[in-house]
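Working through the structure, step by step
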Amino acid sequence: MRLLPGVLIKMLPIAVALMAGIAMTAYWHVNTTFRTELHRGLEREGILAIKEIDARLGALSSVLDTIARNGFIVGSASEAGASGDPVREERIKLFFESLTMVAVPGALVGQTDKMGRVIAANREIDVPAALPDFREMLKAGRYLEIEREQVTLAVPIMRAGKAHGVVFARFPSFALATYMNLSHFGSRAFVTVGGISIATDVAAASFLRERAADRSQEWIEVSAQSSVYPELGVLLFSQRGDLLAPLRGLDRTLGLSAMANLAVLTIALIMTAMLVARPLVRFAQDVNDVRDASDLSRRVSARGYLEVVKLAQTFNEMMGRLQKTLVSYDLLAQENRYRRAAEQTLCDKQAETSAIVETVADAIIVIDKYGTIRSANPASYRIFGYEHRELLGHNVAMLMATPHSINHDQYIRNYLETGEAKIIGIGRELEARRYDGGVFPIELFVADIILNDEPHFVGVIRDITERRRVDRMQREFIALVSHELRTPLTSLTASLGLVRSGRMGDLPDKAQALVDLAQKNVNRLIDLVNDIMAVEKLQSGRIDLDLEVVDIVALVRSELDNIAGYGTRNGVRFALHTSLEEGRVVADPKRLGQVLANLLSNAAKFSGENAIVTVRVEREGRFFRVSVCDQGVGIPPDGLDKVFDKFVQLDTTDAKNGQGSGLGLSIAQAIMKLHGSRIEVESEVGRGSTFRFDLVEHQNEDDEDAGSPEPQAHGVMGALGESASGT
C-alpha cells in the first residue's frame, strides 16, 4: 500500500469517529440543557399561577373585609344576638340585595349574627342548612372552605375587639376558576381543588376527559400547590411540539454543522497527509535512485520538515560510513592478514618464552597477594624437591627458612598497604628450605605484576650453593696467598731499607735508583695485599666498627694535614671550606679516616698541576655532609655506575703516579654502608668530580646508642656486595 492512501485509510475513520463523538456529545448537552430549562420555565409559570390565585383570593377576602368594616354593618351587629331595630335590619337587607360581585358573577353574599343566623343576603338561600356554622370560624378569624362544587369565604364583623357576626360569600368552583383567568399560563391551565381539576367550560371538560383517557407524550403538564390555601392548586398543560420546535431547528443546525466540520476535517486530513507524505515520498525516491545507481557516493536531498531533514542526514551519514567501510575493506583484509601473522608470531614467541621458562635452570614461581603459589616452572620442582601437586596452591612460606617464612605474608601486606618495597625489585641473598628440610642459600629477585586486575608477584630463585662454595674457597685462597705474601714482603722491605740506609755501604747512583724502584713496588705490593685482606674481611664479616662520638670537622682537618705532603708531591693544594666549629657524629674514626684518605688521595691523583681540591663540611638538616671536589678529567656517564665496583679502573691516562688496585673506592663505599650511609658521586667530563657522604648529627649522650648505624638486612657481606652495584 502506498503511503498517502494508507495514511488516509487509517486516519479518516478515527477522524469521523472523533467528529461523531463530538457532535453527539454537543447534541446531548444542548438537548439536555434545553429540556431542563424548559421544565424549569414551566415550573416557574406554575409558581406564578399559584401566586396569582393567592392574590385573587386575597383580593376577594379584602372586599369582604371592607364590607365587614363598614360602619353601617358594624353598627347593625347585635351584642346579645337579638334581632335589634327592624328598620336597621331592613336597610341591611336592602344593602345586600343590591350587592353584586362583578369579579365572581352569581356569588352569594350575606351577613350573619354572632349566633350564625343569616341576617341578610343578596339572594334567597336555604337557611341554615345551606351555610356552615360560622361560630367556630369566629374563634379562628377569617374562614375559607374550598369544596369541589363550591367555595365559601367569610370575614368576621368586629366591634370593641369582639366578633358580632360575619360577612360571607359563596360561589361555585367553576366561577372561581373563571375568576382566576389562567389562560395566559401554558396552552391549557386549570385550577385544582383537592387535586381535582375544575373545568370552566365544555371545551375544558372535554380536554380533561381526553387527557384522562390518553396519557401520550404530546402534552407536557406541570402542577403546583398553593402554600397559603393548600386545597388549591394549578395544573398547566403545554404542547410538546410547540415547546420543542426551537430544539428541532437546533438539531438540524447541529447536524449540518457536524457534516460541514467532518468535510473540513476530511479535507484538512487529506492536505496534511499530502504535505507530510510528499517529503517522505521524495526521500523514498531518492533512496531508490541511490539503490539503482549502486553508487555509494550519491546522497539524498534534505528538504522539507526538520524530521525528514534529519532522516536524510542520518541516511547520508550511514552511506558515508558504509562507503568508508567498503573502501577500507582491502585495508581491513590486509590488517587481518597482518594480525594473523602477528598472532602467529606472538604464539611462536609465547612458545619460545614457555620453552625458555621450562628449560631455564632458575626457579620461577608466581604467587598472588595472599602468598599462594599459582604457577611454577620445572626448575622449581627440581630445586626444592616437591611434586607438582605438593607445590601449587600452597603458601610460598613453605619454601623459606626461618625467619623469612614467618614474616613473608607480613612483607606482602605492608607492600600492598604502603607501597614500600623492602623486597620487591631488589635482588638479595637468603636461605631457603627444600622438601626434605635441608636449608640452602639462594639469590632471590621479586617483581610485581598485574594478572586479571589482581596484584601478583614473580620470584626468580637461583641456587647459589655452588657459588657460595667457590666464594669460600676464593676467600680462603686469598687469605692464604695474602698471608704467604706478607711474610716475604716484610722481609724484603726490611732488607731494602737496610740497603737504602747505607749501612751496607754506599751504592752507585744506578744501583740506588734500582733499589728505590724496588722499594716503591714492594710498597705497592704491600698496599695491594692490605686491600685484598680488607676486602676479604669485609666479605667475611670480620670487621667490627669501633663507634664513638667524633668531631667530623676536626677529623677532616687532621686528614688534610696528613695528606698535605702527598698533595704537594702531586702539585695539588687542598682547601677546606666550612663555617662549622665542630660537628659531632657517631663513627669509627679509624675507618672514617681511611675513607677520607682514599677520597683525598684520588682527588690529588686525578687533578692537574696547580689544581685545588676543595673539601666542604656543611650542615644539611640533621646531617653533616662532607664533599671532596677535584679538578680532574671527570668520569664519563657510563662509568658512574662502575666506579665503586671491585677491581674496576677507568681510563685514567692523565693520572699521576700510575694506577691503584681498583679496590679503594669499593672498600670506602662498604665502610660507609656499615656506618648507615653511602658515597654519592657527581661528575662532568673535563671539569672534575665531586664525592660526598652524609652522617647523622649526634645530639647527646643518650643518643649515642640510637645513633649507631645498623648494617643492612643481609649483613656486612651484603654491604660490600651492594657497593659493587654502583649505587
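The model shown is predicted, which means the values in this text are computed figures rather than measured ones.

What about the overall build of the chain?
If you tally the helices and strands in the chain, you get 20 helices and 21 strands. Counting all 727 residues of the chain, 35% fall into the buried class. Taken as a whole, the chain presents about 42,100 Å² of accessible surface, with 55% of it coming from carbon and sulfur.

Observations regarding the sheet that holds strand β21 (residues 688-696)
If you walk across this open sheet you meet the five strands as β16-β18-β19-β21-β20, and the pairing is mixed. Each having just a single partner strand, β16 (572-577) and β20 (680-684) make up the two edges of the open sheet. Adjacent strand axes in the sheet meet at a mean angle of 15° when their direction is disregarded. Taken together, the six bridges between β16 and strand β18 (residues 611-620) define a ladder with parallel strand orientation. From the neighbouring strand, F574 faces β18, where its bridge partner is V613. The strands that helix α16 (residues 552-569) touches are β16, β18, β19 (623-629) and β21; relative to β16, the one it contacts most, it runs at about 170°.

Structural notes on α16
The end-to-end C-alpha distance of α16 is 26 Å, a good match for the 26 Å that 18 residues give at a rise of 1.5 Å each. Within the span of α16, buried status applies to I552, V553, L555, V556, E559, L560, I563 and G567. Measuring from the backbone nitrogen of V553 back to the side-chain oxygen at the start of α16 gives 3.1 Å, which picks out D551 as the cap. Positive phi shows up at G571, right after α16, with a value of about 70°.

Here's the deal with the packing of α16 against helix α17 (residues 589-606)
As a packed pair, α16 and α17 sit with axes 10 Å apart at the nearest point and diverge in direction by 45°. In terms of axis orientation, α16 runs oblique to α17. The interaxial crossing formed by α16 with α17 has right-handed handedness. Taken together, the residues of α17 that come into contact with α16 (itself represented by I552, L555, V556, E559, L560, I563 and Y566) are P589, L592, G593, L596, A597, L600, S601, A604 and K605. Split into classes, the residues belonging to the contact of α16 with α17 amount to twelve nonpolar, two polar and two charged.

Quick word on the sheet that holds strand β1 (residues 108-113)
Backbone hydrogen bonds are what pair the strands of a sheet, in a parallel or an antiparallel way. Pairing within the open sheet is antiparallel, and its five strands lie in the order β2-β1-β5-β4-β3. Both edges of this open sheet fall to β2 (118-121) and β3 (143-146), since each of them pairs with a single strand only. Across the sheet, the mean angle from the axis of one strand to that of its neighbour is 20°, orientation sign disregarded. Alignment of β3 against strand β4 (residues 150-159), held across four bridges, turns out to be antiparallel. Paired with I146 across the bridge in β4 is V151. The sheet contacts of helix α5 (residues 173-180) involve β4 and β5 (162-172), and relative to β5 the element is tilted by about 85°.

Brief notes about the environment of V458
Mapped onto the elements of the fold, V458 is located in strand β14 (residues 454-463). Along the primary structure V458 and V446 are separated by twelve residues, whereas in three dimensions their C-alpha atoms are 5.6 Å apart. Those residues in contact with V458 that lie beyond four places of it in its chain are I364, I365, V366, F445, V446, A447 and I449.

Some details on the nonpolar core
Formed by 41 residues in total, the largest nonpolar core has its most connected members in F96 and L232. Of all the secondary-structure elements, those providing two or more residues to this core are α1 (3-68), α2 (71-76), α3 (86-97), β4, β5, α5, β6 (188-193) and β9 (232-239). Of all the elements, α1 adds the most residues to this core, at eight residues. Ignoring sequence-local partners within four residues, the contact set of F96 consists of I67, I73, V109, G110, Q111, A120, A121, N122 and V167. Grouped together as the second largest cluster of nonpolar side chains are 40 residues, L560, A604, V628 and F693 included.

What about the packing of α17 against helix α18 (residues 664-674)?
Contact geometry of α17 with α18 gives a least axis separation of 9 Å together with a crossing angle of 145°. In the packing of α17 onto α18, the handedness of the crossing is left-handed. Seen from α17, the contacting residues are R591, L592, Q594, V595, N598, L599 and N602; seen from α18, they are G664, L665, I667, A668, I671 and M672. Of the residues in the contact of α17 with α18, the class split is eight nonpolar, four polar and one charged.

Some details on the confidence of the model for the chain
For the chain, the average pLDDT comes to 77, and 82% of its residues sit at 70 or higher. Here helix α20 (residues 715-723) stands out as the least confident element of the chain, with mean pLDDT 34; β19 is the most confident, with 95.

Here we look at the packing of aromatic side chains
Inspection of the entire model under this criterion finds five aromatic pairs. Between Y386 and Y435, the ring centres sit 5.1 Å apart and the planes meet at 80°, which makes this aromatic pair edge-to-face. Taken together, the residues span a long stretch of sequence, with Y386 in the loop between α11 (378-384) and α12 (388-391) and Y435 in the loop between β12 (428-433) and β13 (439-451) at a distance of 49 residues. Relative accessible area serves as the criterion here: at 10%, Y386 is assigned to the buried category. With a centroid separation of 6.4 Å and an interplanar angle of 85°, the aromatic rings of F644 and F691 are classed as edge-to-face. Placement of the pair is F644 in the loop between β19 and α18 and F691 in strand β21, with a sequence separation of 47 residues. For F644, a relative accessible area of 1% gives the class buried.

With respect to a nonpolar patch on the surface
Taken together, the side chains of L275, V276, L280 and L311 make up a nonpolar region of the molecular surface, amounting to roughly 300 Å² of accessible area. Broken down by element, the residue count for the nonpolar patch peaks at three residues, all from helix α8 (residues 245-293). Residue placement: L311 occurs in helix α9 (residues 306-327). For L311, a relative accessible area of 40% corresponds to the partly exposed category.

Rules used throughout
Residues numbered from 1 in each chain as written. Predicted model: local features only at pLDDT ≥ 70, side-chain atom pairs only at ≥ 80, totals over all residues. Heavy atoms only, no water. Helix = DSSP H or I, 4+ residues; strand = E, 2+ residues; numbered from the N terminus. Buried < 20%, exposed > 50% of the residue type's maximum accessible area, 1.4 Å probe, protein only. Areas by Shrake-Rupley, 256 points an atom, 1.4 Å probe, with all protein chains shown as cover. Pairing = 2+ DSSP bridges. Axes fitted to C-alpha atoms, helices over the stretch in contact; angles between N-to-C directions. Contact = heavy atoms within 4.5 Å. Expected span 1.5 Å × (residues − 1). Polar contact = N/O pair within 3.5 Å; in protein donor to acceptor, adjacent residues only side chain to side chain. Parallel < 35°, antiparallel > 145°, perpendicular 65-115°, else oblique. Left-handed = near helix turned anticlockwise from the far one by under 90°. Nonpolar A, V, L, I, M, F, W, Y, C, P; charged D, E, K, R; others polar. Core = buried A, V, L, I, M, F, W, Y, C linked by side-chain atoms within 4.5 Å. pLDDT = per-residue confidence, 0-100. Phe/Tyr/Trp six-rings, centres within 6.5 Å; stacked < 30°, edge-to-face > 60°. Patch = residues over 30% accessible without salt bridge, like charges linked within 9 Å, V, L, I, M, F, W, Y side chains within 5 Å. Salt bridge = Lys/Arg side-chain N within 4 Å of Asp/Glu carboxyl O.

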